[in-house]
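# Breakdown of the fold
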Protein chains: 2
Amino acid sequence: MFDFRYFTPTKVIFGKDTELQAAKLIREFGGNKVLIHYGGGSVIRSGLMKRVTDVLDDAGIEYVMLGGAVPNPRLGLVYEGIELCKKEKVDFLLAVGGGSAIDSAKAIGYGVANEGDVWDFYDYKRKAEACLPLGVILTIAATGSEMSDSSVITKEEGLVKRGYSSDFGRAKFAIMKPELTMTLPDYQTACGCADIMMHTMERYFTNGGNMELTDAIAEGLLRTVMKNALILVKEPKNYDARAEVMWAGSLSHNGLTGCGNDGGDWMTHKLEHELGGLYDVAHGAGLTAVWGSWARYVYKDCLPRFKRFAVNVMNVSASGTDEEIALTGIEAMEAFYRKIKMPTNLKELGVDATDEDLVEMAHKCAVGVSGSMGSARLLYEEDMLAIYRMSRG
Amino acid sequence: MFDFRYFTPTKVIFGKDTELQAAKLIREFGGNKVLIHYGGGSVIRSGLMKRVTDVLDDAGIEYVMLGGAVPNPRLGLVYEGIELCKKEKVDFLLAVGGGSAIDSAKAIGYGVANEGDVWDFYDYKRKAEACLPLGVILTIAATGSEMSDSSVITKEEGLVKRGYSSDFGRAKFAIMKPELTMTLPDYQTACGCADIMMHTMERYFTNGGNMELTDAIAEGLLRTVMKNALILVKEPKNYDARAEVMWAGSLSHNGLTGCGNDGGDWMTHKLEHELGGLYDVAHGAGLTAVWGSWARYVYKDCLPRFKRFAVNVMNVSASGTDEEIALTGIEAMEAFYRKIKMPTNLKELGVDATDEDLVEMAHKCAVGVSGSMGSARLLYEEDMLAIYRMSRG
């Protein structure tokens, strides 16, 4: 196994009525003037925003509001948020929403706390040295951004989607109330489950390191999410299933499921990022649409892990050759995706890409990873193109 | 499942040569004048202390030293540490050692940062409102104190052993270098594994809450520690086994394995605390000496959990009545304890207690928990006495 760092300072407040603790938590972390950042109007229509602003009003905490964070959140709104924070002398960010609002808030936080263009960080030109303190009220279990160090922003010009990771961006607190996710459309719930699982799978399919305890946690997490994702297909208001998925979402991306390995593979995410940038598809669905093709392309180079995955996660019988067991595991995962109505190729995703589109995505993807990336198998631009072509359906 | 808080801010630096990062980490968390607190001379004889003080010297960080923290660390040394810190204007604590040094350092930290007698906190009279910042270089995998909020101190007068838990006492950083544990006596390694497992088992055997994801993590952790504890019986210098056990020690007591339940049972720990106070036995061995008796006394009142434990952790075949399966699981755990040479009763522990001793311990134990405690089964003084009597062997 490899050496590792583990740092998850986010204070998690999990359960019923937890949004009512927002003001107390903001004060605890030194906030006096807050930017409340959110996405669409659902957090307002649901009454959540009023409950939050009521507790801020009662505590005498001032705030300004900025909505409009969209899936694959845009750089333009980040710039707008930075200006607003500077103008209003905001000293604390409160993201109310899912990964889009949180990622957008993190980018705003970097932009306020550092000189120069915030896009520099996402464009790998320099590193942030600070971030405005951030709190989260989570309404979608998916990206794990509430406990992770990462955020993903899309630049409108050229639809360039890039991620940036820094401990400075980790939230000070995360309020998690499973009921808030009960009214999500089924498709979005399933996308969230797919995304949650992929954060652990990216860390799991590696050729370097690996730690038994990390594997045991990863496998237990994947089995738990699968079981509860299937429950939520039929019972979207099942509290316990919502809670299991929500907590799994945080643990899956806070670093816990990668301790001791080489950092993970992450190529499925990178392949999806270009899809998401170009077609604006839901992130989770984009992931499942390319994963099977990626897995078939790389599994022979990472056979022990794919075999272990098949047996310990997908409950595949350990008979046959290692390759047969591994392939059966990949097929079982795709069958699970279909059960929760997630696509297993681009066609099912609703993307009718020309070969020119695939060539362009492979090129942008290769540039985005500085030429090559992957631990299960190191992939170059030609490999990325081959996987995109396999995934057309 | 129940609502929960999860807060593990400790920055973990895990792996080879990590002690060389001590100065950088102390600076990162604002330390300028350090009290290095340790136990016996082994950390000096091994050369560890010199490597640590060398990096502090190189960084220009001043320090004073205080050794002498013993297993079941004493209040007298805590008072001495508090005086030393005040006199030397210490602003950061560095514990180099295992649970004894860390717990003692936490108590010193509370004593320096709060007015009045530090024993008040351990005597449940009032709550700490701060703690001097603390870093840890861990040399024994056992108590999990490096990431936990708890510390246990023994008052010499009457040998009263009490624990105090507060987020203020959580370490700012924990340096974990598995090699440092390779030279431990086999008995101490086994005691550590027993203690690590018990921190999760205390959280697992409950009648309230329970969360599938938490259970999956707990069960995976217990299986991992058992497997690697058996490896260490034969190969005490196996790096990977040392690392698995060390990381499990932190995760087992940082809160992760209790999310969603009612807080846990903790009576095995409370029963052992009186043993440890009176006879000064090794904590891990004291735990295994009473666990089987506790389990047999309570399992019918917590049957679903004991059955699940038998099947998912102890690999017991799920045939027979629930009671039979549960009992077989308890026996399998005792058989494991014997394999790692841990006692399963007081006689094997080397404690030849009179019935008067047991009566005294049961009384002190009941007073310590304000009359009654336990989730698997609520225990009163008479129950505690019955368990002590069962455990005589």
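Values in this document were obtained by computation on a predicted structure and should not be read as measured data.

The helix and strand inventory of chain A stands at 16 helices and 8 strands. Over its C-alpha atoms chain A spans a radius of gyration of 20 Å, differing by no more than 12% from the 21 Å that the globule rule assigns to 393 residues. Taking the principal axes of the C-alpha coordinates as reference, chain A spans close to 65 × 40 × 40 Å. Across the 393 residues that make up chain A, the buried fraction comes to 59%.

In this section: the pairing of strand 4 (residues 92-97) of chain B. Residue and element names in this part refer to chain B. Strand 4 sits mainly inside the fold: 6 of its 6 residues count as buried. With burial as the criterion, each face of strand 4 is covered, one bearing Phe92, Leu94 and Val96 and the other bearing Leu93, Ala95 and Gly97. When strand 2 (residues 33-38) meets strand 4, the two strands line up parallel, connected through 5 bridges. Residue His37 lies in a different strand from strand 4, and its bridge partner there is Ala95.

Glancing now at the interface of chain B and chain A. The parts lose accessible area when they come together, and the size of an interface is often stated as this lost area. Taken together, the 29 residues of chain B in the interface contact 29 residues of chain A. Taken together, the elements giving at least two residues each to the side of chain B that touches chain A come down to strand 1 (4-14), helix 8 (212-234) and helix 9 (239-253) of chain B. Broken down by element, the residue count for the side of chain B that touches chain A peaks at 10 residues, all from strand 1 of chain B. Tallied by class, the residues present in the side of chain B that touches chain A amount to 17 nonpolar, 4 polar and 8 charged. With 7 bridges connecting them, strand 1 (residues 4-14) of chain A and strand 1 of chain B associate as antiparallel partners. Bridging across to strand 1 of chain B, Phe14 of chain A finds its partner in Phe4 of chain B.

Residues and elements named next belong to chain A. Residue position: Gly371 is located in the loop between helix 15 (355-368) and helix 16 (381-390). Spatially, the C-alpha atoms of Gly371 and Glu381 are 7.0 Å apart, while their sequence positions differ by 10 residues. Not counting the four nearest positions on each side in its chain, Gly371 is found in contact with Ala366 and Tyr380.

Turning our attention to the relation of the copies chain B and chain A. Expressed as a screw operation, the relation of chain B to chain A combines 0.0 Å of axial shift with a rotation of 180°, fitting to an RMSD of 0.0 Å. The superposition of one copy onto the other is thereby described by a two-fold rotation axis. In terms of proximity to the rotation axis, the leading residue of chain B is Pro9 of chain B, whose C-alpha is 1.9 Å off the axis.

Looking at chain A as a whole, its pLDDT mean stands at 96, while 100% of the residues score no less than 70. The ipTM assigned to the predicted complex is 0.96, against a pTM of 0.97.

The next thing to look at is the domain arrangement of chain A. All names here are of chain A. Segmentation of chain A into domains returns domain 1 (11-180) and domain 2 (185-390). Tallying the contact residues gives 21 residues for domain 1 and 26 residues for domain 2. Looking at the side of domain 1 that touches domain 2, the elements with two or more residues in it are strand 1, strand 7 (160-165) and strand 8 (173-176). The element best represented in the side of domain 1 that touches domain 2 is strand 7, accounting for 3 residues. A per-class count over the side of domain 1 that touches domain 2 returns 12 nonpolar, 5 polar and 4 charged.

A few words on unusual backbone geometry. Residue and element names in this part refer to chain A. With a phi close to 60°, Tyr124 is a non-glycine residue in the positive phi region. Along the polypeptide, Tyr124 turns up in the loop between helix 6 (119-122) and strand 5 (134-138). Given 11 C-beta atoms within 10 Å, Tyr124 falls into the exposed group.

Read across the sheet, 12 strands follow the order 3(A)-2(A)-4(A)-5(A)-8(A)-1(A)-1(B)-8(B)-5(B)-4(B)-2(B)-3(B) without closing on themselves; strand pairing throughout is mixed. Two strands bound the open sheet, and with one partner strand each, they are strand 3 (62-66) of chain A together with strand 3 (62-66) of chain B. Taking each pair of neighbouring strands and ignoring which way they run, the sheet shows an average axis angle of 25°.

Judged by nonpolar contacts, the single largest core of 276 residues is most densely connected at Val96 of chain A together with Val96 of chain B. Excluding residues within four positions of it along the chain, Val96 of chain B makes contact with Ile36, Tyr38, Val43, Leu48, Met49, Val52, Ala101, Ile137 and Thr139 of chain B.

Attention now goes to the packing of helix 11 (residues 283-298) of chain A against helix 16 of chain A. The relative placement of two packed helices is expressed as an angle between their axes plus a distance between the axes. Residue and element names in this part refer to chain A. Axis separation between helix 11 and helix 16 bottoms out at 8 Å; the angle between their running directions is 125°. Here helix 11 is positioned oblique relative to helix 16, judged by the angle of their axes. The element helix 11 and its partner helix 16 pack so that their crossing is right-handed. Residues Val290, Ser293, Trp294, Arg296 and Tyr297 of helix 11 pack against Asp383, Ala386, Ile387 and Met390 of helix 16. Of the residues contributing to the contact of helix 11 with helix 16, the split by class is 6 nonpolar, 1 polar and 2 charged.

All names here are of chain A. Within the fold, Leu232 resides in helix 8 (residues 212-234). It is 8.0 Å that separates the C-alpha atoms of Leu232 and Thr189, two residues lying 43 residues apart in sequence. Beyond its immediate sequence surroundings of up to four residues, Leu232 is in contact with Thr189, Asn238, Ala241 and Val245.

This paragraph deals with helix 10 (residues 267-279) of chain A. Residues and elements named next belong to chain A. Between its terminal C-alpha atoms helix 10 stretches 18 Å, which fits the 18 Å expected from 13 residues at 1.5 Å a residue. Among the residues making up helix 10, those that are buried are Met267, Thr268, His269, Lys270, Leu271, Glu272, His273, Glu274, Leu275, Gly276 and Gly277. Those residues of helix 10 that are buried are in contact with strand 6 (150-155), strand 7, helix 7 (186-204), helix 11, helix 15 and helix 16. One or two positions beyond helix 10, positive phi appears at Asp280, with a value near 55°.

Remark: helix 8 of chain A packs on helix 8 of chain B, axes separated minimally by 9 Å, with the N-to-C direction vectors making an angle of 155°. Classified by the interaxial angle, the pair formed by helix 8 of chain A and helix 8 of chain B is roughly antiparallel. The hand of the helix 8 of chain A/helix 8 of chain B crossing is right-handed. The segment helix 8 of chain A lies against helix 8 of chain B, with Glu212, Leu213, Ala216, Ile217, Gly220, Leu221, Arg223 and Thr224 of chain A engaging Glu212, Leu213, Ala216, Ile217, Gly220, Leu221, Arg223 and Thr224 of chain B.

Further remarks concern the environment of Ser317 of chain B. When you line up the elements, Ser317 of chain B lands in the loop between helix 12 (303-312) and helix 13 (322-339). Ser317 of chain B gets classed as exposed once you count the C-beta atoms within 10 Å, which come to 9.

Calculation rules
Residues numbered from 1 in each chain as written. Chains lettered and ligands numbered in written order. Predicted model: local features only at pLDDT ≥ 70, side-chain atom pairs only at ≥ 80, totals over all residues. Helix = DSSP H or I, 4+ residues; strand = E, 2+ residues; numbered from the N terminus. Rg over C-alpha atoms; globule rule 2.2 N^0.38 Å. Buried ≥ 20, exposed ≤ 12 C-beta atoms within 10 Å, placed from the backbone. Pairing = 2+ DSSP bridges. Contact = placed C-beta atoms within 7 Å. Nonpolar A, V, L, I, M, F, W, Y, C, P; charged D, E, K, R; others polar. Least-squares fit on C-alpha atoms with pLDDT ≥ 70 in both. pLDDT = per-residue confidence, 0-100. Domains from an automatic or database assignment. Axes fitted to C-alpha atoms, helices over the stretch in contact; angles between N-to-C directions. Core = buried A, V, L, I, M, F, W, Y, C linked by C-beta atoms within 7 Å. Parallel < 35°, antiparallel > 145°, perpendicular 65-115°, else oblique. Left-handed = near helix turned anticlockwise from the far one by under 90°. Expected span 1.5 Å × (residues − 1).

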